[in-house]
Each structure stands twice: as structure tokens, then as C-alpha cells.
Amino acid sequence: MSAVPTAEADQLDRAFHALADPSRRAIVVRLSRGPATVSELAAPLEISLPSVMQHLDVLQSSGLVRSEKAGRVRTCRLEPAPMRTLEQWLAEHRAIWERRLDRLGDVLGETFPTDGGADEP
Amino acid sequence: MSIRQHDFTIERRFPQTPAQTFRAFADPALKRRWFGPPDAWADAAWELDFRVGGSELSVGRDPGGTLHEFRSRYHDIVEGERIVFAYDLLLDGRLVSVSLTTIEVRPDGAGTHLVFTEHGAFFDGLEDPAEREHGTGLLLDGLTAFLAEGVVA
């Protein structure tokens, strides 16, 4: 590998910036143990909810954390996206075979029509 | 450099008999209909030599311009029961994975229970962007673990 590609360098810059703050590091460490709501993240930190939200914004724009809102509760988790690309590839590899075998079923049905209903319970 | 092992099984039940299902693998005219490259793909080619030691080739360029190559070799064929083959998968000429696949065609009442099992080895450099992100992910994972070990304790 040669020089770090620009996009990757940008991502690292944002990640290191996000981690250059003790409150944000505390949030990341807490999320490394599992998802948590904003209030759960705020509880051990001696800072206001709005401050926690600002820290979360920085963490989210760095790509380290993502959050989802269900009703009035926002749940945060570490973002597995950088690892997910390979997982997605493997899932797609399997899905290609699933689709092929579905087509096989269609071709069998067209080529060897079965007596519809005869075998039904 | 790394190798990612990936195994999976897919099962299907068809109302057709095992002999009929087997024919859809052995008869090139039938197999092409469900396995050949999509009609919309450019530079498409497909060849089947269905016998032990024989090979199969499926090549095509997807709408995004990536050339896909599937190159397989049949290792075992038991008429009406079992097919074993190994295949390479290449993207734009780069080896992405090597897999060993078994297909079992079992009687299931009047129909067929098909069991597809693959053992695959997926290689580094799968795709440039994926590999770069993967590397970044490992770095960030290491950082997270380092932080969790006490910097903030």
C-alpha cells in the first residue's frame, strides 16, 4: 500500500478529532459495551443533555457512532460500517445463489409442469 | 494479507422429481436458462462441459462495467443424486474467492429436497474501496479497544 487515500485520511482525521475529547471518549467506551440511550450516556457524565447531544453530533459526523430514534427515545451504537462492507459482500454472494436457485425452481416449473393440486393435502 | 472463510447452506424444495431437478444442472439448454449471465450484460459467455473433470464458464460485464468471471470444475457427479464442483470467482480479472460446492438432490415425497452447501475462501483486495474501509475499520477497532482498556477508566 502506498500513501493513505484522501477519503480514508479524511475519515481518520474526523475520527481522531472526535476522540480528542474526554466526554466523547467516555461515550465511545460506553457504546463499546453495547447500545445506549442518550439519557443513559448522559447519566455518568457531569454535563447537560444538550452538551451530550453536541458530542453525539461530532461522533456521528465522524462515522464512529450512529443513532436511531424510536418514539421519544434515541438509541446510540458504535457504527460497524467500516467492517460491514465485507459482510455485505458475503451476504450478496449468498443472495446471488439464492436468486439462482429461485430461478431454477421457475425453470423446473416451466419445463416439468406438475399436476397442480394433486399433491396438496 | 488475510483470508476470510465463509460457509453457507441453502435449501429448496421443488415439486419436480430428483431426476428432473438433476436434469436442470446437466442439460446445458436448461441450465443456461437459470444460470447463464443476465441478458442485459455485455461480453457475455457461458460454456458447460458437465462431466467429472469438465469445466463451466460464465462471464459477463455488469451494467456498472465490472467484468464477472465464474470458472468451475466438476469433481464428482452421481446421476440424480449429487454434484460437487469447485469454482473461482474473478472481478475485472482479480481472484476474489475460491469455493467448494456440493449439491445434493434428495427425494422429498414425490418432489425434491435440494441442499446447496458452499465452503468459500474470500481473499484480500476483494474490492479496493472495501479493502480500504476494512483497513480503516481495523484501525478504529484497535483504537476503541485501546481506549476501553483504561485511557478513560
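Parameters at a glance
- Residues numbered from 1 in each chain as written.
- Chains lettered and ligands numbered in written order.
- Predicted model: local features only at pLDDT ≥ 70, side-chain atom pairs only at ≥ 80, totals over all residues.
- Helix = DSSP H or I, 4+ residues; strand = E, 2+ residues; numbered from the N terminus.
- Buried ≥ 20, exposed ≤ 12 C-beta atoms within 10 Å, placed from the backbone.
- Contact = placed C-beta atoms within 7 Å.
- Arc of directions from axis to C-beta.
- Axes fitted to C-alpha atoms, helices over the stretch in contact; angles between N-to-C directions.
- Parallel < 35°, antiparallel > 145°, perpendicular 65-115°, else oblique.
- Left-handed = near helix turned anticlockwise from the far one by under 90°.
- Nonpolar A, V, L, I, M, F, W, Y, C, P; charged D, E, K, R; others polar.
- pLDDT = per-residue confidence, 0-100.
- Pairing = 2+ DSSP bridges.
- Core = buried A, V, L, I, M, F, W, Y, C linked by C-beta atoms within 7 Å.

Summarise the overall build of chain A; cite the residues concerned and give the values.
Regarding its fold elements, chain A presents 5 helices and 3 strands. Listed by position from the N terminus, the elements making up chain A come as α-α-β-α-α-β-β-α. Buried residues in chain A amount to 21% of all 121 residues. Relative to all contacts within chain A whose residues are 6 or more apart in sequence, the contacts with residues 24 or more apart total 51%.

Account for helix α1 (residues 18–26) of chain B, naming residues and giving values.
Regarding α1(B), the residues found buried are Pro18(B), Thr21(B), Phe22(B), Ala24(B) and Phe25(B). Seen end-on, α1(B) carries its buried residues on one side only, within an arc spanning 150°.

Which residues make up the packing of α1(B) against helix α2 (residues 28–35) of chain B, and what values go with them?
All names here are of chain B. Interhelical geometry of α1 versus α2 gives an angle of 80° and a closest axis separation of 5 Å. Taken as axis vectors, α1 and α2 run roughly perpendicular relative to one another. Mapping the contact onto sequence places Arg 23, Ala 24 and Phe 25 in α1 and Leu 30, Lys 31 and Trp 34 in α2.

Residues and numbers for the packing of helix α2 (residues 22–31) of chain A against helix α4 (residues 49–61) of chain A, please.
Residue and element names in this part refer to chain A. The N-to-C vectors of α2 and α4 enclose an angle of 70°; their axes lie 10 Å apart at closest approach. Between α2 and α4, the interaxial angle falls into the category roughly perpendicular. The way α2 lies across α4 gives a crossing that is right-handed. Taken together, the residues of α4 that come into contact with α2 (itself represented by Ser 23, Arg 24, Ile 27 and Val 28) are His 55, Val 58 and Leu 59. Residues of the contact of α2 with α4, tallied by class, amount to 4 nonpolar, 2 polar and 1 charged.

Go over the confidence of the model for chain A with me, naming the residues and quoting the values.
As a note on interpretation, predicted positions should not be read in detail where pLDDT is low. All names here are of chain A. The predicted model of chain A averages 80 in pLDDT, with 79% of residues at 70 or higher. Confidence scores differ between elements of chain A, with helix α1 (residues 6–19) showing the lowest mean pLDDT of 70 and strand β1 (residues 36–37) the highest of 92. This model gives residues 117–121 a pLDDT under 50, and the stretch forms 2 contacts once residues within four places in sequence are excluded.

Go over the sheet that holds strand β5 (residues 82–91) of chain B, please, and point to the residues and values.
All names here are of chain B. Spatial ordering of the open sheet is given by β1-β7-β6-β5-β4-β3-β2, a layout of 7 strands whose pairing is antiparallel. Bordering the open sheet on either side are β1 (3–14) and β2 (42–48), each of which pairs with just one other strand. Mean inter-strand twist for the sheet, computed between neighbouring axes without regard to direction, equals 15°. In this fold α1 packs onto β1, β5, β6 (94–108) and β7 (111–123), with an angle of close to 160° to the strand it touches most, β6.

Mind laying out the pairing of β1(B), listing which residues take part and the relevant values?
All names here are of chain B. With 1 of 12 residues buried, β1 is to be regarded as a mostly surface element. As paired elements, β1 and β7 share 12 bridges and run antiparallel to each other. Among the inter-strand pairings, Phe 14 is bridged to a residue of β7, identified as Thr 112.

Now, about the nonpolar core: what can you tell me, with residues and values included?
Residues Phe25(B), Ile83(B), Ile103(B) and Leu114(B) are the most contacted members of the largest nonpolar core, which totals 17 residues. When residues of this core are traced back to their parent elements, those giving at least two are α5 (81–111) of chain A together with α1, β4 (67–78), β5, β6 and β7 of chain B. With 4 residues, the top contributor of residues to this core is β5(B). Once residues within four sequence positions are removed from consideration, Leu114(B) is found in contact with Glu11(B), Arg12(B), Phe14(B), Thr21(B), Ile103(B) and Val105(B). Leu31(A), Ala42(A), Val52(A) and Leu64(A) belong to the second-largest nonpolar core, a separate cluster that totals 15 residues.

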